[in-house]
Amino acid sequence: MTADREAQLSEITKDVVPSWAILVVQLNSLVAERLGVTDTDVQCLHVLGRHGPTTPGILAKHVNLTTGSASRMIDRLVAADCVRRVADPHDRRRVLIEPTQNGLDRVSAAYSGLIARTREDLGDFDDAELSTIVRFMRTAEHSTAAEIHRLQTAPDDAERPTGTHA
């Protein structure tokens, strides 16, 4: 590996991505504050916006909460008119959580500035570069999900990242 490549990989993994991740967490916190909910509640709204209505249990898994904590989250989001509980059309005994139009509109409005800026930023990239960015983001998403799973299932004394040696 060349020194230039190693420098770029280091910059991406130790500076660019962590700095961006911190800013995203800060933005999500501000959005949550403006919506009158918590950061995890905003994650819930993203999950529902992306995947559609789901059960409280599945929602809890998506946002890494216990079922009791997820129930309190859902109560907050119902009170904020961001979600509602509805009967599952395939099994009337089950309840689904679905976003309200008001909730979707409020989240969309909260992120509209970032979406506009990002679209503007991406305007300077050609189609091949955009494909590379999408490939990187999907790969990073997959790797992050795998690392979350590893940390959730690893014993506390085995939290060393895979591929490293003691």
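As shown above, the structure is provided for reference.
Residues numbered from 1 in each chain as written. Predicted model: local features only at pLDDT ≥ 70, side-chain atom pairs only at ≥ 80, totals over all residues. Heavy atoms only, no water.

**Structural notes on the overall build of the chain**
Logical step 1: Each helix and strand in the chain was counted, giving 6 helices and 2 strands.
Logical step 2: When the helices and strands of the chain are read in sequence order from the N terminus, they spell out α-α-α-α-β-β-α-α.
Logical step 3: Across its three principal directions, the C-alpha atoms of the chain cover 60 × 45 × 30 Å.
Logical step 4: Partitioning the intrachain contacts of the chain with sequence separation of at least 6 by distance along the chain shows that 39% fall at a separation of at least 24.
Logical step 5: Of the roughly 12000 Å² of accessible surface on the chain, 55% is carried by carbon and sulfur atoms.
Logical step 6: Computed over 19 positive and 24 negative side-chain charges, the separation of the two mean positions in the chain equals 8 Å. (Helix = DSSP H or I, 4+ residues; strand = E, 2+ residues; numbered from the N terminus. Contact = heavy atoms within 4.5 Å. Areas by Shrake-Rupley, 256 points an atom, 1.4 Å probe, with all protein chains shown as cover. Lys, Arg positive; Asp, Glu negative; His and termini not counted. Charge placed at Lys NZ, Arg CZ, Asp CG, Glu CD.)

**Considerations on the environment of Gln26**
Logical step 1: With respect to the helices and strands, Gln26 occurs in helix H1 (residues 3-35).
Logical step 2: Distance in space between the C-alpha atoms of Gln26 and Asp39 is 9.5 Å, their sequence separation being 13 residues.

**As for unusual backbone geometry**
Logical step 1: Of note, the phi angle at Asn64 is positive, near 60°, even though the residue is not glycine.
Logical step 2: Of note, Asn64 is situated in the loop between helix H3 (56-62) and helix H4 (67-79).
Logical step 3: The exposure class of Asn64 is exposed, given its relative accessible area of 57%.
Logical step 4: In the Ramachandran plot, Asp81 falls in the positive-phi region, its phi being about 60° despite a non-glycine side chain.
Logical step 5: Among the secondary structure elements, Asp81 is positioned in the loop between H4 and strand S1 (83-88). (Buried < 20%, exposed > 50% of the residue type's maximum accessible area, 1.4 Å probe, protein only.)

**A closer look at the nonpolar core**
Logical step 1: Ranked by size, the top nonpolar core spans 22 residues in total, and within it Leu59, Met73 and Leu77 carry the most contacts.
Logical step 2: Listed by contribution, the elements that provide at least two residues to this core are H1, helix H2 (39-51), H3, H4 and helix H5 (101-122). (Core = buried A, V, L, I, M, F, W, Y, C linked by side-chain atoms within 4.5 Å.)

**Topic: the pattern of salt bridges**
Logical step 1: One pass over the structure, following the stated rule, counts 8 salt bridges.
Logical step 2: For Arg84, the salt bridge goes to Glu98, with nearest N and O atoms at 2.6 Å. Separated by 14 residues along the polypeptide, Arg84 in strand S1 and Glu98 in strand S2 (residues 91-99) bring together distant segments of the chain.
Logical step 3: Ionic contacts of the salt-bridge type, sharing partners, join the residues Arg50, Arg138 and Glu141 into one network. (Salt bridge = Lys/Arg side-chain N within 4 Å of Asp/Glu carboxyl O.)

**Points about H2**
Logical step 1: With 13 residues, H2 should cover 18 Å at 1.5 Å per step; its first-to-last C-alpha distance of 18 Å lies within 8% of that length.
Logical step 2: Here H2 has its buried residues at Asp41, Val42, Cys44, Leu45, Val47 and Leu48.
Logical step 3: Buried residues belonging to H2 abut H1, H3, H4, S1, S2 and H5.
Logical step 4: Of the residues trailing H2, Gly52 is marked for its positive phi of about 85°. (Expected span 1.5 Å × (residues − 1).)

**Notes on the packing of H1 against H5**
Logical step 1: Across the interface, H1 lies against H5 with an axial gap of 10 Å and an inter-helix angle of 140°. Crossing geometry of H1 relative to H5 is assigned as right-handed. Between H1 and H5, the contacting residues are Leu27, Asn28, Val31, Arg34 and Leu35 on the first element and Arg106, Val107, Ala110, Tyr111 and Leu114 on the second.
Logical step 2: For the contact of H1 with H5, the residue count by class is 7 nonpolar, 1 polar and 2 charged. (Axes fitted to C-alpha atoms, helices over the stretch in contact; angles between N-to-C directions. Left-handed = near helix turned anticlockwise from the far one by under 90°. Nonpolar A, V, L, I, M, F, W, Y, C, P; charged D, E, K, R; others polar.)

**A look at the pairing of S1**
Logical step 1: Alignment of S1 against S2, held across 6 bridges, turns out to be antiparallel. Counted as the bridge partner of Arg85 is Ile97 from S2.
Logical step 2: Linkage of S1 to S2, two consecutive antiparallel strands, is achieved through a turn of 2 residues. (Pairing = 2+ DSSP bridges.)

**Re the packing of H1 against H2**
Logical step 1: Taken N-terminus to C-terminus, the directions of H1 and H2 make an angle of 95°; their axes are 8 Å apart at the nearest point. Our classification of the angle between H1 and H2 gives roughly perpendicular. Between H1 and H2, the contacting residues are Asn28, Ser29, Val31, Ala32 and Leu35 on the first element and Asp39, Val42, Leu45 and His46 on the second.
Logical step 2: Of the residues assigned to the contact of H1 with H2, the class counts are 5 nonpolar, 3 polar and 1 charged. (Parallel < 35°, antiparallel > 145°, perpendicular 65-115°, else oblique.)

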